[in-house]
Structure formats: structure tokens, C-alpha cells
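Each chain is listed here by its residues.
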Amino acid sequence: MQPSGNYHPIPGEYVVPSAPPSYEEATYSHQPYFPPPHPGMEGKPMHPPPHVIHSAPMQVPVTVQTVYVQHPVSFHDRPIQICCPHCNRLTTTRLIHSSGALAWLSCGGLCLLGCGFGCCLIPFCIDSLKDVDHYCSNCETLLGSYKRI
Ligand SMILES: [Zn+2]
């Protein structure tokens, strides 16, 4: 290159990029310099928040547990009044006794004690040893059951 001057040797090529663009380069040079530092400085404090978002999915199952609030009814061996979720009517449950774990354990216990074939079947005839199923008296839907064991 010739050190005499920038405009003289190649006026056609240098005039266009050097002289007029000097203002544009100034404007362009400022824009790329400012953006990097701002997002860089603000980017660091922005990183922690995404970690907090991970706790949000953990709260989703909590809303599902609220469904169980509708079933805090404790069934016992006596009829209870309950609003049937199937027919939406307030009804008194109808009890049906079924041989549960306690009846079978009593049967097995009687067999171990040497009771005869007929005696070990006695627990299946005693309602107090059986599980109780609560059915809706209107639509015959099983609303719940009471387990002895
Ligand atoms: Zn019902």
C-alpha cells in the first residue's frame, strides 16, 4: 500500500467505504457495544428464577389431593346418612355384611384350637366379625366399606 494518502490511489473504492460510512460505522459501532454488557449483567440475576420454576410442578399433585377431602366419611358397622355421589341424594346407607379378614382369621384360629369342622364356620355367621359394605338405598351404589382389620 502507498503511504501517500488514502483518497488518492483508489478513490473509487475508498471513498465509498471510508468517508461516508465513517458516520454509519460510528453509529453501528455503538449499537453492538452496548447490548452485550446489558444482557450480560442482567442475564446473571435472571438465571436463578428458572430454578424456582421447578418447584411449580411439585404443587400440581397437591390440587389432586383436594379431591380426597370429599371422602373423609368414616364408615362403621351402623347405617349413616350420606349424600350419594352417584344419584346426588341424601340417603341412609344399607348395610351388607361380608366375610372379611377378621372372619377368616377367626375361622383359622378356631381350627388351630382344635374346634370341629362346624365350629370353625361360626365366625362367618357373626356379623360383628364381618366387614360392612355401605350401599346407597336409592341406586344401590357401593359408597364405602368398613373393614374390621
Ligand atoms: Zn345413590
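Residues numbered from 1 in each chain as written. Predicted model: local features only at pLDDT ≥ 70, side-chain atom pairs only at ≥ 80, totals over all residues.

The name given to the protein in an unreviewed UniProt entry is LITAF domain-containing protein, with the source organism recorded as Eleutherodactylus coqui. Annotation of the protein in UniProt includes, under Sequence similarities (unreviewed entry), the sentence "Belongs to the CDIP1/LITAF family." (UniProt positions renumbered as here; feature names shortened; annotations may be inferred.)

**Q** Please give an account of the overall build of the protein that cites residues and values.
**A** Looking only at helices and strands, the protein features 6 helices and 5 strands. From first element to last, N terminus to C terminus, the protein shows the α and β order α-α-α-α-α-β-β-β-α-β-β. Across the 149 residues of the protein, 7% fall into the buried class. Considering only contacts within the protein whose residues lie at least 6 apart along the sequence, 57% involve residues at least 24 apart. (Helix = DSSP H or I, 4+ residues; strand = E, 2+ residues; numbered from the N terminus. Buried ≥ 20, exposed ≤ 12 C-beta atoms within 10 Å, placed from the backbone. Contact = placed C-beta atoms within 7 Å.)

**Q** Give me the lowdown on the pairing of strand E4 (residues 131–135), citing residues and values where you can.
**A** Sheet topology places strand E3 (residues 94–98) next to E4; 5 bridges connect them, and they run antiparallel. Each bridged residue has a counterpart across the sheet, and for Ile 96 the counterpart in E4 is Asp 133. Note that E4 and strand E5 (residues 142–146) share 4 bridges and pair antiparallel. Pairing of His 134 across the sheet is with Gly 144, part of E5. (Pairing = 2+ DSSP bridges.)

**Q** Residue-level account of the sheet that holds E4, with values.
**A** Ordered by their spatial adjacency, 3 strands build an open sheet running E3-E4-E5, and the pairing between neighbours is antiparallel. This sheet does not close on itself; its edge strands, each paired only once, are E3 and E5. If you compare each strand with its neighbour and ignore which way they point, the axes differ by 25° on average. (Axes fitted to C-alpha atoms, helices over the stretch in contact; angles between N-to-C directions.)

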